[in-house]
Amino acid sequence: MSSYFNDTDHIALFAAGFDLIRDELPKHHILEIITEINDELTTNPYDYNAILALDGLYDAIDERDDAIVALSRYKDRPNQDFIDPERVNRTILLLRTARQRMKKGERKESERLFDEVIARAPDATTWIAENPADFPVDSPALPLCALLAYGYKNDKRGFTAAWHAILERFELTEPVPEEDFLDNFREYTLFDVLPYREHIDGISFLFKFGIMECREQEIFSLVAFLENYLEGLADHVFNVGTEFGFTECLPAMGVITAISHGAARTIEEIIKKEHAVTTKALLDAIQADLVEIRKTGTQMLVLETLTHWSFHPVRPVPDMVSLLRGQSHGNDDLIAELLDMMGDELPYEILAETVSNLSVSGEIESRLKKKRYTLLKNMGRYNEALALAAQDDTIMPKGEDYDLLKIKAFEESGQYIEAFNYLLDCIKDGRLLNEVPRLFELGLCLEKPEDLRFALPILQSQGISGGAYMLKAYDHLLQKDLNRGLALIEQAQDAGFPRDTALIYSARFLAAAGYPKRVIGLCEKMEKKNMYPQYVFPLLIGAYRSLGKEKDARAAEEKFRKIRQS
């Protein structure tokens with residue numbers, strides 16, 4: 001079983017959302033999440049978000065007794081009720097306990113608890129006049145809990161009086177211009193300070209008791225907050241998936257899909273009520289948010305399918321495309337965007353075939369080509385990357401980026417001499433001057449060191465002293481000017497020529513100049529470091545034989561044979 005939901009940060013993200021899953025999540029999945037959260041509670045027994053989450057999960061499967069046990073945990077927390085957030089948390093959990101007992105049919109006990117909730121808030125009938133100093137004026141949370149307690153008790157008179165008192169207390173009795181509300185609706189709504197269940201139940205009571213004041217504003221607030229909440233959950237998955245791989249948050253995807261579906265059903269049930277939203281601008285905005293809420297659920301459903309497929313890609317691509325189209329309601333662009341986001345989690349061939357089976361917009365197709373181009377480069381498939389880039393001018397690399405890709409494509413095909421000549425031409429034209437070490441690496445494939453000598457004037461003309469020193473060293477060694485030759489090799493390294501490349505070239509130059517003992521010393525040093533075995537062993541074997549050391553030469557040949565076979 002996954003351990004995603006025994007993480008306090010993940011629980012905090014999803015706690016309020018569990019109130020919306022309704023019957024959208026399989027019971028066995030809910031029970032697994034409950035087990036994980038209970039595991040976390042063994043470490044943090046008074047974690048408010050974990051307790052809130054358990055109540056939502058138990059409520060979804062009608063396990064009232066378990067919900068009450070979970071809610072009762074908070075009572076044992078050391079009392080810090082003088083701190084307002086703590087006071088609000090306790091009151092919300094008390095309200096939820098009363099609601100669960102009411103759902104169980106425990107009328108007397110639930111009534112007692114609802115009355116306790118009401119007692120925790122300023123009295124609705126005297127609140128405005130008294131303005132209690134121990135309650136911050138900018139927080140409607142406790143009065144709203146009392147309001148909901150009246151609603152659960154079916155006390156229309158108490159609920160109505162409390163609602164009007166709260167509206168007056170927070171100066172929401174005057175009509176708000178439509179434009180002002182849409183620009184900053186948070187200043188004109190109240191229920192969003194509570195979890196989603198309380199927000200939804202508050203709206204239900206406004207309908208039940210026939211109260212119109214601020215009702216459609218609270219509906220708009222609920223929808224806007226749900227759209228923003230689901231977007232945040234999706235962003236969490238995208239961010240974690242992009243950085244660590246999407247399997248890290250696979251358990252979250254199904255939950256987000258369930259929250260999305262549950263939220264959409266809840267909103268649809270509310271707005272279809274008579275006179276639910278009478279303002280066209282608000283209704284249009286709600287419908288737009290509802291589209292986004294559904295889209296998030298669709299994204300997570302498709303992403304979950306793709307993530308499972310990424311580590312077990314046995315289903316044929318055409319079958320998978322058919323399944324994904326069914327899940328996305330035929331939205332190929334959405335599928336393509338998620339494939340783009342997943343990067344190289346799917347094998348390249350499967351990714352390419354899947355994309356080729358989709359019908360996507362030009363913009364997305366271009367972005368996917370760029371992604372595939374990057375994947376091919378990262379995989380070292382440079383010829384394919386070059387071929388793909390040739391299909392789209394927006395992908396085709398320019399200047400030195402193209403030159404490097406071309407050289408890598410030659411190398412990939414084993415065309416090292418062609419790569420060498422192409423790079424030398426680039427250097428001659430003043431490009432890729434930082435790639436001189438690569439030129440010498442490629443030059444190792446040339447049969448004789450003197451084949452490099454024609455590069456000397458090119459290096460000198462471009463002021464590349466390290467490479468020029470190496471080639472001058474070769475001339476001095478051929479003239480038996482050993483000290484000067486070795487000194488120039490040291491100068492080359494001081495000028496930035498790579499030490500490892502200098503070693504193998506020193507051995508090649510010394511071999512050509514007739515210094516087999518020095519060749520053996522350098523080659524044995526490189527052999528211990530497993531450097532350039534394909535070049536070191538032929539030099540070593542040749543040096544042994546020139547000194548008459550046939551036994552050592554044969555031993556080196558045997559060792560080289562085993563290396564090539566491994």
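Remember, predicted model here, so these are calculated numbers, not experimental data.

Considering the environment of A141
Then, in step 1: Position of A141 relative to the elements: it lies in helix 8 (residues 141-152).
Then, in step 2: For the pair A141 and F454, spaced 313 residues apart in sequence, the C-alpha separation works out to 84 Å.
Then, in step 3: Excluding residues within four positions of it along the chain, A141 makes contact with V88, V193 and L194.

Describing the packing of helix 28 (residues 533-546) against helix 29 (residues 550-565)
Then, in step 1: At a closest axis distance of 8 Å, the pairing of helix 28 and helix 29 adopts a crossing angle of 165°. Here helix 28 is positioned roughly antiparallel relative to helix 29, judged by the angle of their axes. The element helix 28 and its partner helix 29 pack so that their crossing is left-handed. Contacts from P533, Q534, F537, P538, L540, I541, Y544 and R545 of helix 28 reach helix 29 at E550, D552, A553, R554, A556, E557, K559, F560 and I563.
Then, in step 2: Here the residues of the contact of helix 28 with helix 29 sort into ten nonpolar, one polar and six charged.

Observations regarding the packing of aromatic side chains
Aromatic rings in a pair are described by how distant their centres are and how their planes are angled relative to each other.
Then, in step 1: On inspection of all chains with the given rule, the structure shows 24 aromatic pairs.
Then, in step 2: When the ring of Y152 is compared with that of F205, the centres are 5.2 Å apart and the planes differ by 85°; the resulting orientation is edge-to-face. Remark: F205 occurs in helix 11 (residues 196-208) and Y152 occurs in helix 8; sequence separation between them is 53 residues. F205 matches Y152 in its accessibility class, with the two residues each being buried.
Then, in step 3: The rings of F114, Y152, F159, F205 and F209 are connected pair by pair, giving a single aromatic cluster.
Then, in step 4: Sitting over the ring of F207, R215 keeps its end group 3.9 Å from the ring centre.
Then, in step 5: Its guanidinium or amino end placed over the ring of Y515, K480 lies 4.9 Å from that ring's centre, counting from NZ or CZ.

Brief notes about the nonpolar core
Then, in step 1: With 140 residues, the main nonpolar core has F14, F18, I37 and W163 as its most contacted residues.
Then, in step 2: Ranked by the residues each element gives to this core, the list is headed by helix 12 (residues 215-244), at 14 residues.
Then, in step 3: For F14, the residues in contact, after removing those within four places along its chain, are Y4, F5, Y229, L233, A252, V255, I256 and I259.
Then, in step 4: Counting residues in hydrophobic clusters, the runner-up holds 58 residues, among them I464, I489, C523 and M531.

Concerning the pattern of salt bridges
Then, in step 1: What the rule picks out here adds up to 35 salt bridges.
Then, in step 2: R22 serves as the salt-bridge partner of E269, at 2.8 Å between the closest nitrogen and oxygen. Taken together, the residues span a long stretch of sequence, with E269 in helix 13 (residues 250-271) and R22 in the loop between helix 1 (8-14) and helix 2 (27-43) at a distance of 247 residues.
Then, in step 3: The closest approach of N and O atoms between D59 and R99, which form a salt bridge, is 3.0 Å.

Considerations on a negative patch on the surface
Then, in step 1: A cluster of like negative charges, contributed by E178, E179, D180 and D183, occupies part of the molecular surface.
Then, in step 2: With respect to the secondary-structure elements, D183 resides in helix 10 (residues 178-183).
Then, in step 3: On the accessibility criterion, D183 (60% relative accessible area) is exposed.

Focus on the environment of K529
Then, in step 1: Here K529 shows up in the loop between helix 27 (516-528) and helix 28.
Then, in step 2: With 61 residues separating them in the primary sequence, K529 and A468 have C-alpha atoms 27 Å apart.

Some words on the packing of helix 12 against helix 13
Then, in step 1: Interhelical geometry of helix 12 versus helix 13 gives an angle of 165° and a closest axis separation of 11 Å. Relative to helix 13, the element helix 12 is oriented roughly antiparallel. You can see that helix 12 and helix 13 cross each other, and the crossing is left-handed. Across the interface between the two elements, I219, L222, V223, L226, Y229, L230, L233, A234 and V237 of helix 12 pack against A252, M253, I256, I259, S260, A263, I267, I270 and I271 of helix 13.
Then, in step 2: Grouping the constituent residues of the contact of helix 12 with helix 13 by class yields 17 nonpolar, one polar and no charged.

A closer look at helix 19 (residues 382-389)
Then, in step 1: Turning to helix 19, its buried residues are Y382, A385, L386, L388 and A389. Buried residues of helix 19 fall within an arc of 165° about the axis and therefore sit on the same side.
Then, in step 2: Contacts made by the buried residues of helix 19 are with helix 18 (362-378) and helix 20 (399-412).

Comments concerning the confidence of the model for the chain
Then, in step 1: Within the chain, residue pLDDT values average 89, and 95% of them lie at 70 or more.
Then, in step 2: This stretch, residues 124-137, has a pLDDT under 50; its non-local contacts, to residues over four places away or in other chains, come to 23 contacts.

Calculation rules
Residues numbered from 1 in each chain as written. Predicted model: local features only at pLDDT ≥ 70, side-chain atom pairs only at ≥ 80, totals over all residues. Heavy atoms only, no water. Helix = DSSP H or I, 4+ residues; strand = E, 2+ residues; numbered from the N terminus. Contact = heavy atoms within 4.5 Å. Axes fitted to C-alpha atoms, helices over the stretch in contact; angles between N-to-C directions. Parallel < 35°, antiparallel > 145°, perpendicular 65-115°, else oblique. Left-handed = near helix turned anticlockwise from the far one by under 90°. Nonpolar A, V, L, I, M, F, W, Y, C, P; charged D, E, K, R; others polar. Phe/Tyr/Trp six-rings, centres within 6.5 Å; stacked < 30°, edge-to-face > 60°. Buried < 20%, exposed > 50% of the residue type's maximum accessible area, 1.4 Å probe, protein only. Lys NZ or Arg CZ within 6 Å of the ring centre and 35° of its normal. Core = buried A, V, L, I, M, F, W, Y, C linked by side-chain atoms within 4.5 Å. Salt bridge = Lys/Arg side-chain N within 4 Å of Asp/Glu carboxyl O. Patch = residues over 30% accessible without salt bridge, like charges linked within 9 Å, V, L, I, M, F, W, Y side chains within 5 Å. Areas by Shrake-Rupley, 256 points an atom, 1.4 Å probe, with all protein chains shown as cover. Lys, Arg positive; Asp, Glu negative; His and termini not counted. Charge placed at Lys NZ, Arg CZ, Asp CG, Glu CD. Arc of directions from axis to C-beta. pLDDT = per-residue confidence, 0-100.

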